[in-house]
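A look at the structure
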Amino acid sequence: QVQLVESGGGLVQAGGSLRLSCAASGRTFSSYAMGWFRQAPGKEREFVAAMSWSGGNTYYADSVKGRFTVSRDNAKNTVYLQMNSLKPEDTAVYFCAASSRPALPTMIHDVEYWGQGTQVTVSS
């Protein structure tokens, strides 16, 4: 069982930056691939970024590639999402996700555990 708690969301102007954190409980955090998804009002939840258990493999949605960076600190049981050059269309609730499967969690059905979400609002 893994519990995930996100933090770091907020209101930022376009072009600004935010860093989201996701703290995980459980001694087996380092064996989980981690991901970030987001859901804007009236839209479906979509994939943002993912990282393998070792941190050696990452994957990003085209919409955030070059602007967002996912990282993890297994000693702190935490995964991060650094978001730079934010745009109004990045406004959404951001969810942390965990998967014990070998593949990166890039689709909703890959995810075994979800966080509660943190709101990110980018003003124009």
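Note: the structure precedes this text.
Residues numbered from 1 in each chain as written. Predicted model: local features only at pLDDT ≥ 70, side-chain atom pairs only at ≥ 80, totals over all residues. Heavy atoms only, no water.

Concerning the state of the cysteines
Tallied over the full model, the rule gives 1 disulfide. The disulfide partner of cysteine 22 is cysteine 96, and the S-S distance across this bridge is 2.1 Å. What sets the handedness of the cysteine 22 and cysteine 96 disulfide is the S-S torsion sign, and at about -85° it is left-handed. Here the residue cysteine 22 occupies a position in strand β3 (residues 18–24), and cysteine 96 occupies one in strand β9 (residues 92–99), the gap between them amounting to 74 residues. In this structure, cysteine 22 and cysteine 96 share a single accessibility class: buried. (Disulfide = S-S within 2.5 Å. Helix = DSSP H or I, 4+ residues; strand = E, 2+ residues; numbered from the N terminus. Buried < 20%, exposed > 50% of the residue type's maximum accessible area, 1.4 Å probe, protein only.)

Some points on the pairing of β9
For β9, a buried count of 7 out of 8 residues is recorded, marking the element as mostly surrounded by other parts of the structure. In terms of strand pairing, β9 meets strand β10 (residues 113–114) through 2 bridges, oriented antiparallel. By the bridge assignment, alanine 97 is partnered in β10 with tryptophan 114. (Pairing = 2+ DSSP bridges.)

Concerning the packing of aromatic side chains
Between two aromatic rings, the relevant description is the distance of the centres plus the angle of the planes. The full count for this structure, using the stated rule, is 5 aromatic pairs. Taken together, a centroid distance of 5.8 Å and an interplanar angle of 25° make the contact between phenylalanine 47 and tyrosine 59 stacked. Here phenylalanine 47, found in strand β5 (residues 46–51), pairs with tyrosine 59, found in strand β6 (residues 58–60); they are 12 residues apart in sequence, far enough to count as distant. Over the face of the ring belonging to phenylalanine 95 we find arginine 45, whose NZ or CZ atom lies 3.6 Å from the ring centre. Seen from the ring of phenylalanine 29, arginine 72 lies directly overhead, with NZ or CZ sitting 4.6 Å from the centre. (Phe/Tyr/Trp six-rings, centres within 6.5 Å; stacked < 30°, edge-to-face > 60°. Lys NZ or Arg CZ within 6 Å of the ring centre and 35° of its normal.)

The quantities given are spatial measurements derived from coordinates; they are silent on function.
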